Every structure is written in C-alpha cells, then in structure tokens.
Amino acid sequence: MRRLARERVLQAYRQLAELANSMLFSPVTDANAAPRSREGGGQAAPRDDLDAPATLVEHPFSWFSVERASLVAAVQQAHKAELWELTYRLAAALTDFFEARSHWSDWEHTHELGLSAARAAGDRHAQAWMVHDLGTVYRERGDWATAQDRLQEALPLFAEAGDRRGEASTLRRLGVLYRFQGEWDDARANLERALPLFREAGDERGEANTLRDLGIEENVTFARERDRLAWTNRGALPGSRRFV
C-alpha cells in the first residue's frame, strides 16, 4: 500500500516535471530563460491531463529552481523503489533545465541513475538518451575521454532504435568535442555525418546548429592554413626577417 502511494506521488511529480520541461523554451516563459533548446531532445513524453500550478506554466525555470532538490530526491527514490521507467523518464525531464543552468553534478547524478534504470528495464532507446546526455555532461566538465566514450556508446543504440535524430545529435556533439580538442578532421567528419541525418529527421534546429558548427570549423581551418602559409613564406615578403 505504501509503495503504491509513493508511486502515485512520484508519477504526479514526473508529470509536472515533463510539463514544465515542455514549457521551458516556449514563446511565453521566464524572463530568465536562455533562448536555446537542444536539438534532438529525448523521446517526447505524453502530455498528461493535470491541473498544473500557474507558476509552473508561466515561469517553468522558477518552478524548476524551487523544486530542484526535491526533483533530484524523487529520481533517487524512484530508483531505490525499482520504478525503472519512472526513474529514467523523470531524469530525462530534468535535462534541459540542468543544461541551461549548468547544474552538472545534479545532471550527472540523476542520469547515472537513469542509465542504471534503463539498463535494468532493458530499454535500449532510453539507454541511448541517457548516455548521450551524460556525454554532454562530461564534455562540459572537461572530462573529454569519458565524454567521447559515452557518446560513442550512444551511436549504435540510436542506430538500433532507428532514431536518426538521436544519431545526428550524438554525431554533432562528438564533432564539437573533437573541435574542443583541436582534432579538426575528426570534428568535420562527424559534423558532415550529422547533417543529412538531421535533414532526414526534419530537425531544422539541429541542421542549423550543425551548419553553424561547420562554419566555425571552416573558419578555424582557414585561419590555421593562413598562418601556416604566412610562416612558411615569411622570408619572401619585402622587409621581412627570417630568424635562424
């Protein structure tokens, strides 16, 4: 009886979190909201009918900020109770808020629990999104080796699920990760692989972000080649000095 009561409370919390997440980047939202949205976000959760608090609908960032500690605790409770689907769905609903507000520790903790739950449930598509998001967490925390491992782990899982948008988002994030490390050829290769997948999935925001990233990569490559030629030919210019 207590387990059923706990589950009902956690399910209601999950519904509120998913609703708040869907409102984060709507045209009418917090004044504090960052004007961004991650492309290829996780599986769209069904919108349950519920009487949502006005604060949640009108100011979702504020609602998440107030409820943050309780939401993290709810993920922990769901995992402890072995409510696997509830665990990873609730964790997924927190992703955009944690990313927008740079709450890396909470994001990592809830998604490691979400990944454990997805594995226990045998939901490989949910596993893909958990490791995809963990790859971003580790990238932002500067743990590039772990970030690369997580993103590489996500690719075959998305392919298996036939999720082109998930594949594209993973490839783009790998491209950005390689760019951070100065591995320009690998960066470009992954971004070029992502672009047609975003187009196939009809994800215009993901396509635009990838084109922007390719433009950054091309500008950096051009600048590096310009500097290389300038250095190579430094003695051919009038008045130049060649240092020995």
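Residues numbered from 1 in each chain as written. Predicted model: local features only at pLDDT ≥ 70, side-chain atom pairs only at ≥ 80, totals over all residues. Heavy atoms only, no water.

On to the packing of helix α8 (residues 144-161) against helix α9 (residues 164-180), then. Orientation of α8 relative to α9, taken along the N-to-C sense of each, is 160°, at an axis distance of 9 Å. Of the possible angle classes, the one that applies to α8 and α9 is roughly antiparallel. Crossing angle aside, the handedness with which α8 passes α9 is left-handed. Contact residues: Trp144, Ala147, Gln148, Leu151, Gln152, Ala154, Leu155, Phe158 and Ala159 in α8; Arg164, Gly166, Glu167, Thr170, Leu171, Arg173, Leu174, Leu177, Tyr178 and Phe180 in α9. For the contact of α8 with α9, a count of residues per class yields 12 nonpolar, 4 polar and 3 charged. (Axes fitted to C-alpha atoms, helices over the stretch in contact; angles between N-to-C directions. Helix = DSSP H or I, 4+ residues; strand = E, 2+ residues; numbered from the N terminus. Parallel < 35°, antiparallel > 145°, perpendicular 65-115°, else oblique. Left-handed = near helix turned anticlockwise from the far one by under 90°. Contact = heavy atoms within 4.5 Å. Nonpolar A, V, L, I, M, F, W, Y, C, P; charged D, E, K, R; others polar.)

This part takes up the side chain of Asp213. As for its placement among the helices and strands, Asp213 is situated in helix α11 (residues 204-232). A distance of 2.6 Å separates a polar atom in the side chain of Asp213 from a polar atom in the side chain of Arg172. Reaching out from Asp213, the side chain makes a polar contact with the side chain of Arg212 at a distance of 3.3 Å. (Polar contact = N/O pair within 3.5 Å; in protein donor to acceptor, adjacent residues only side chain to side chain.)

Ala17, Trp63, Phe64 and Leu71 are the most contacted members of the largest nonpolar core, which has 30 residues in total. Among the secondary structure elements, those contributing two or more residues to this core are α1 (2-23), α3 (60-80), α4 (84-93), α5 (95-101) and α6 (104-121). Core analysis: the next-biggest nonpolar cluster, separate from the first, contains 27 residues, Ala117, Ala147, Ala168 and Ala194 among them. (Core = buried A, V, L, I, M, F, W, Y, C linked by side-chain atoms within 4.5 Å. Buried < 20%, exposed > 50% of the residue type's maximum accessible area, 1.4 Å probe, protein only.)

Excluding glycine, residues mostly have negative phi values, and the peptide bonds linking residues are mostly trans. Residue Glu82 is not a glycine yet carries a positive backbone phi of 60°. On the basis of relative accessibility, which here comes to 51%, the residue Glu82 falls in the exposed class. Even without being a glycine, Ser102 presents a positive backbone phi close to 60°. According to the relative accessible area criterion, Ser102 is partly exposed, its value standing at 41%.

To continue, consider the packing of aromatic side chains. As enumerated under the stated definition, the model contains 8 aromatic pairs in all. Ring plane angle 85° and centroid distance 6.3 Å describe the contact between Tyr13 and Trp63, whose orientation is recorded as edge-to-face. One end of the pair, Tyr13, is in helix α1; the other, Trp63, is in helix α3, with 50 residues separating them in the sequence. Just as Tyr13 is buried, Trp63 falls in that class too. Ring centres of Trp104 and Trp107 lie 5.8 Å apart, and the angle between their planes is 25°; this geometry places the pair in the stacked category. (Phe/Tyr/Trp six-rings, centres within 6.5 Å; stacked < 30°, edge-to-face > 60°.)

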